[in-house]
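What follows is each chain in one-letter form.
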Amino acid sequence: MMSAIGEAIGMKPDDRVIAESLLTAAKVKATAYCAAVLETASPDLRHILMAHLNDALAEHERCTQVAVQRGWYKAYASPDELVGQALRDARNVLEG
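Values in this document were obtained by computation on a predicted structure and should not be read as measured data.

Quick notes on the rules
Residues numbered from 1 in each chain as written. Predicted model: local features only at pLDDT ≥ 70, side-chain atom pairs only at ≥ 80, totals over all residues. Heavy atoms only, no water. Salt bridge = Lys/Arg side-chain N within 4 Å of Asp/Glu carboxyl O. Helix = DSSP H or I, 4+ residues; strand = E, 2+ residues; numbered from the N terminus. Core = buried A, V, L, I, M, F, W, Y, C linked by side-chain atoms within 4.5 Å. Buried < 20%, exposed > 50% of the residue type's maximum accessible area, 1.4 Å probe, protein only. Contact = heavy atoms within 4.5 Å. Axes fitted to C-alpha atoms, helices over the stretch in contact; angles between N-to-C directions. Parallel < 35°, antiparallel > 145°, perpendicular 65-115°, else oblique. Left-handed = near helix turned anticlockwise from the far one by under 90°. Nonpolar A, V, L, I, M, F, W, Y, C, P; charged D, E, K, R; others polar. pLDDT = per-residue confidence, 0-100. Expected span 1.5 Å × (residues − 1).

Undergrad: Would you mind going over the pattern of salt bridges with me for this structure?
TA: Any two side chains of opposite charge can pair, given that their charged atoms come close. Under the counting rule described, the total for this entry stands at 3 salt bridges. A salt bridge links Glu59 to Lys29, with the shortest nitrogen-to-oxygen separation between them at 2.6 Å. Note that Glu59 is positioned in helix α3 (residues 43-69) and Lys29 in helix α2 (residues 15-39), a separation of 30 residues in sequence. Residues participating in the shared-partner salt-bridge network are Arg16, Glu20 and Asp89.

Undergrad: Even after reading the chapter, I still don't get the nonpolar core, so can you show me in this structure?
TA: A general tendency of soluble globular proteins is for nonpolar side chains to be buried together. Ranked by size, the top nonpolar core spans 5 residues in total: Ala30, Val37, Leu49, Leu53 and Ala56. For this core, the elements supplying multiple residues, two or more each, are α2 and α3. Element by element, the count of residues in this core is highest for α3, at 3 residues. If we ignore the near neighbours within four places in the chain, the residues touching Leu53 are Ala30, Tyr33, Cys34 and Val37.

Undergrad: How should I be thinking about the packing of α2 against α3 in this particular structure?
TA: Taken N-terminus to C-terminus, the directions of α2 and α3 make an angle of 160°; their axes are 8 Å apart at the nearest point. Taken together, α2 and α3 sit at an angle that is classed as roughly antiparallel. Where α2 crosses over α3, the handedness of that crossing is left-handed. In this structure, α2 contributes Leu22, Leu23, Ala26, Lys27, Lys29, Ala30, Tyr33, Cys34, Ala36 and Val37 to the contact, and α3 contributes Arg46, Leu49, Met50, His52, Leu53, Ala56, Leu57, Glu59, His60, Cys63 and Thr64. Split into classes, the residues belonging to the contact of α2 with α3 amount to 14 nonpolar, 3 polar and 4 charged.

Undergrad: What should I look at first to understand the confidence of the model for the chain in this one?
TA: Where the model shows low pLDDT, its predicted coordinates should not be examined in detail. Here the chain averages 87 in pLDDT, while 88% of its residues score no lower than 70. The least confident element of the chain, judged by mean pLDDT, is helix α1 (residues 2-8) at 56; the most confident is α3 at 95.

Undergrad: For this particular structure, what's the right way to read the environment of Gly71?
TA: Here Gly71 lies in the loop between α3 and α4 (79-95). For Gly71, a relative accessible area of 31% gives the class partly exposed.

Undergrad: Looking at this model, I keep getting lost on the side chain of Thr64. Mind explaining?
TA: Among the secondary structure elements, Thr64 is positioned in helix α3. Thr64 gets classed as buried once you look at its relative accessible area, which sits at 12%. Filtering out sequence-adjacent residues up to four positions away, Thr64 remains in contact with Leu23 and Tyr73.

Undergrad: Would you mind showing me how to read α3 here?
TA: Given 3.6 residues per helical turn, the α-helix brings residues three or four places apart onto the same face. For α3, which comprises 27 residues, the first-to-last C-alpha distance of 38 Å matches the rise-based estimate of 39 Å (1.5 Å per residue) to within 8%. Among all positions in α3, only Leu49, Leu53, Ala56, Cys63, Thr64 and Ala67 are buried. Buried positions along α3 lie against α2. Gly71 sits one or two residues past α3 and shows a positive phi near 80°.

Right, here's the structure in full:
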């Protein structure tokens, strides 16, 4: 979402924005596979969906590790730090 807004006002996404988009997509994919696993009654289909869910979880973990290592995602920050970072990010988007 943020990258779409940035592109609309002429900003090009940087590595952080791309990584955050990939992380969000991986989370959505894992959530969808989890829901599908819970809804299926077929053991064969459940097995296939579980394999896809495990792949999606591994992808999410890889994206998270990159974001944490580069300081883009503060997994262990306090709530005050997270709010402060969100405000700084919003200001940066609005100021261009």
